[in-house]
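Chain by chain, the residues:
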Amino acid sequence: MESYPPPPKTSSADEEPSSSANGHSKPDQNGPLLPLAKRPRHGVCLASEFAHHETGMARLNNGSFGSCPASVLQAQREYQRLFLAQPDKFYFDTLQPALERSRRALMPFIGLKDAESTEEVALVDNATTAAAIVLQHMAWQFTEGTFQKGDVVLMLHYAYGAVKKSIHAYVARAGAQVIEVPLPFPLSSPDDIIREFRISLRLGNSNGRRVRLAVIDHITSMPCVVVPVRELVQICREEGVDQVFIDAAHAIGNVEVDVEAIGADFYTSNLHKWFFCPPAVAFLHSRKGRANSLHHPVVSHEYGNGLPMESGWIGTRDYSSHLVVPEAIDFVNKFEGGIEGIRKRNHEKVVEMGRMLAQAWGTDLGAPPEMSCSMVMVGLPSCLGIHSDSDALKLRALLRDQYKVEVPIYYNSRRRVEAGEAGPTCVTGYARISHQVYNVEAEYFRLRDAVIKLVNDGIKCAMLGSTSQV
């Protein structure tokens, strides 16, 4: 077998662009000029690496879709070219060695040191795909009689919507009972989560039932909170939970990830959100002894050869996003402190900007800084009248289309119920702001000023037109 090609060499992303190539360097019809991001870095030009971002748009939503620098995109295009040039050779000589190269490059970033541990790591499209793999495995155990009908799957109330639906589509349909942990929000400390988790776990293990699977977010999406996963996994072990799946879609590049220290049976995280890979790629780690029981939902001729191989070929498709993990690592290593330095600076800056917004709007953060990552929840003025998910979407669309600010808006229905309809000062809406290396303070000031203008103009969500979910 011939060796696969080395990482494509690029130079364009390291060269200073002309003013016409720099998405931040000149205003156009999309919005006013925004200054360049200035962050500690070595040999990386942010202006050219992110010149493909729309000019004048304040992107405060890295959490939803991530961001991929030009140098990594160029490496991806080279793999795409190699496949299109000679697919037969690419399939037999390049694909699997390049996937192995990505898995090995990833290992130090997720706490794996044993060279054989690559067998525990599979590259899949995203965390939702990983959830389908794990939940299909659990469904089989119910249908084949390993678990009893009526045994429990436990998940957080704030679990990601697609994962919630997957739990019902796979495991509840096979006979499991689903229990949600009713987490409070806003939060004051990790103890708020641990207390509710213990209560729900004991409920699940009552009346002759057993909790067979606990699905725990490392970082919840909406609202965004860092969950004490090590403590919750330990509680699960103490209470006899069979298997624990950590949905850490936002984790790698955002918080420290050490799958061995966390100790879950399954752990997944997207590489395209905070680790600078192109969409879509994630990893799924399976603890020793668990990997051989998992199968990809798409059955190919690699079925039975282990999840890394099954995931590495599900038919003819573009695998290039899975192959450029080493190039993404090369990118983060150009910054002072590598990925640890990036996430530390992101965290510090997003907390600073969150506090600035909260002070300007007369509200608070939804969780203390130690329970935040590179995203924070900032309370919005109650006078905006965010009383439903539809209101939140309408406000999000208005900020995007009229004020050129991309930011998710969260409607906190539980808080409104607790406060009652007669609580006009109750904060029911939150903006989830992100910070990534390309962001600058001016973008957060734009969000601040846009919300203040809406308040001063007396705008309420009930006055806004309908919009479709995005």
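Residues numbered from 1 in each chain as written. Predicted model: local features only at pLDDT ≥ 70, side-chain atom pairs only at ≥ 80, totals over all residues. Heavy atoms only, no water.

- An unreviewed UniProt entry lists the protein chain under the name Aminotransferase class V domain-containing protein, from Rhynchospora breviuscula.

1. Looking at the nonpolar core
Logical step 1: Counting 85 residues, the largest nonpolar core has F197, I216, I246, L271 and F283 as the members making the most contacts within it.
Logical step 2: Residues M353, V376, L380 and A450 belong to the second largest nonpolar core, which totals 32 residues. (Core = buried A, V, L, I, M, F, W, Y, C linked by side-chain atoms within 4.5 Å. Buried < 20%, exposed > 50% of the residue type's maximum accessible area, 1.4 Å probe, protein only.)

2. Some thoughts on the packing of aromatic side chains
Each aromatic ring pair is described using two quantities: the centre-to-centre distance and the angle formed by the ring planes.
Logical step 1: Considering all chains together, one arrives at 13 aromatic pairs under this definition.
Logical step 2: Measuring from centroid to centroid gives 5.0 Å for F185 and Y430, while their planes differ by 70 degrees, and the two rings are edge-to-face. Of the two residues, F185 is situated in the loop between strand 4 (177-181) and helix 7 (190-204) and Y430 in strand 12 (residues 429-434); the sequence distance between them amounts to 245 residues.
Logical step 3: Between F331 and F335, the ring centres sit 5.2 Å apart and the planes meet at 65 degrees, which makes this aromatic pair edge-to-face. The same class applies to F331 and to F335, which are both buried. (Phe/Tyr/Trp six-rings, centres within 6.5 Å; stacked < 30°, edge-to-face > 60°. Helix = DSSP H or I, 4+ residues; strand = E, 2+ residues; numbered from the N terminus.)

3. What to know about the sheet that holds strand 11 (residues 409-411)
Logical step 1: Strands sit in the order 9-12-11 across an open sheet of three strands; the sheet is antiparallel. Looking at which strands have only one partner, the edges of the open sheet turn out to be strand 9 (375-379) and strand 11. Across the sheet, the axes of successive neighbouring strands diverge by a mean angle of 30 degrees, strand direction being ignored.
Logical step 2: As paired strands, strand 11 and strand 12 are joined by three bridges and run antiparallel to one another. If you follow I409 over to strand 12, its bridge partner there is A431. (Pairing = 2+ DSSP bridges. Axes fitted to C-alpha atoms, helices over the stretch in contact; angles between N-to-C directions.)

4. Quick word on the pairing of strand 5 (residues 211-217)
Logical step 1: For strand 5, a buried count of seven out of seven residues is recorded, marking the element as mostly surrounded by other parts of the structure.
Logical step 2: Bridging between strand 3 (residues 152-156) and strand 5 involves four bridges; their strand directions are parallel. The residue bridging V152 from the neighbouring strand is V211, located in strand 5.
Logical step 3: Looking at chain direction, strand 5 and strand 6 (residues 243-247) are connected through five bridges and run parallel. Across the sheet, the residue bridging to D217 is D247, located in strand 6.
Logical step 4: For the crossover that starts at strand 5, traverses helix 8 (residues 229-238) and ends in the parallel strand 6, the hand is right-handed. (Right-handed = clockwise from strand over helix to strand, strands pointing away.)

5. A look at unusual backbone geometry
Logical step 1: For the bond running from M222 to P223, omega is -5 degrees, close enough to zero to count as cis.
Logical step 2: Note that P223 resides in the loop between strand 5 and helix 8.
Logical step 3: Following P279, the chain continues to A280 via a peptide bond in cis, the omega torsion being 5 degrees.
Logical step 4: Following the sequence through the fold, A280 ends up in the loop between strand 7 (266-270) and strand 8 (282-286).
Logical step 5: If you check the backbone angles, N207 has positive phi at about 55 degrees while not being a glycine.
Logical step 6: Mapping N207 onto the fold places it in the loop between helix 7 and strand 5.

6. Digging into the environment of Q96
Logical step 1: With respect to the element layout, Q96 can be found in helix 4 (residues 87-106).
Logical step 2: A sequence separation of 213 residues divides Q96 from M309, and the C-alpha atoms of the two residues are 8.1 Å apart.
Logical step 3: When neighbours within four sequence positions are excluded, Q96 is seen to be in contact with M309, G312 and W313. (Contact = heavy atoms within 4.5 Å.)

7. A few points about helix 5 (residues 127-143)
Logical step 1: The terminal C-alpha atoms of helix 5 lie 24 Å apart, and with 17 residues this matches the ideal 24 Å at 1.5 Å per residue to within 8%.
Logical step 2: Of all 17 residues that make up helix 5, 14 are buried, and the element is covered over most of its length.
Logical step 3: The residue sitting at the N-terminus of helix 5 and contributing the capping side-chain oxygen is N126; that oxygen lies 3.1 Å from the backbone nitrogen of T128.
Logical step 4: Of the residues one or two after helix 5, G145 is the one with positive phi, at around 90 degrees. (Expected span 1.5 Å × (residues − 1). Polar contact = N/O pair within 3.5 Å; in protein donor to acceptor, adjacent residues only side chain to side chain.)

8. Some points on the sheet that holds strand 2 (residues 121-124)
Logical step 1: The seven strands are arranged 2-8-7-6-5-3-4 in an open sheet whose pairing can be described as mixed. The open sheet terminates on both sides in strands that have one partner only, identified here as strand 2 and strand 4. If you compare each strand with its neighbour and ignore which way they point, the axes differ by 15 degrees on average.
Logical step 2: The strands touched by helix 6 (residues 161-172) are strand 3, strand 4, strand 5 and strand 6; relative to strand 3, the strand with the most contacts, the crossing angle is about 175 degrees.
Logical step 3: Taken strand by strand, helix 7 contacts strand 3, strand 4 and strand 5, and its axis lies near 160 degrees from that of strand 4.

9. Quick notes on the packing of helix 5 against helix 6
Logical step 1: Orientation of helix 5 relative to helix 6, taken along the N-to-C sense of each, is 25 degrees, at an axis distance of 9 Å. In terms of their interaxial angle, helix 5 and helix 6 are classed as roughly parallel. Where helix 5 crosses over helix 6, the handedness of that crossing is right-handed. Taken together, the residues of helix 6 that come into contact with helix 5 (itself represented by T128, A131, A132, L135, Q136, M138, A139 and F142) are A162, V163, S166, I167, Y170 and V171.
Logical step 2: Class assignment of the residues belonging to the contact of helix 5 with helix 6 gives a composition of 11 nonpolar, three polar and no charged. (Parallel < 35°, antiparallel > 145°, perpendicular 65-115°, else oblique. Left-handed = near helix turned anticlockwise from the far one by under 90°. Nonpolar A, V, L, I, M, F, W, Y, C, P; charged D, E, K, R; others polar.)

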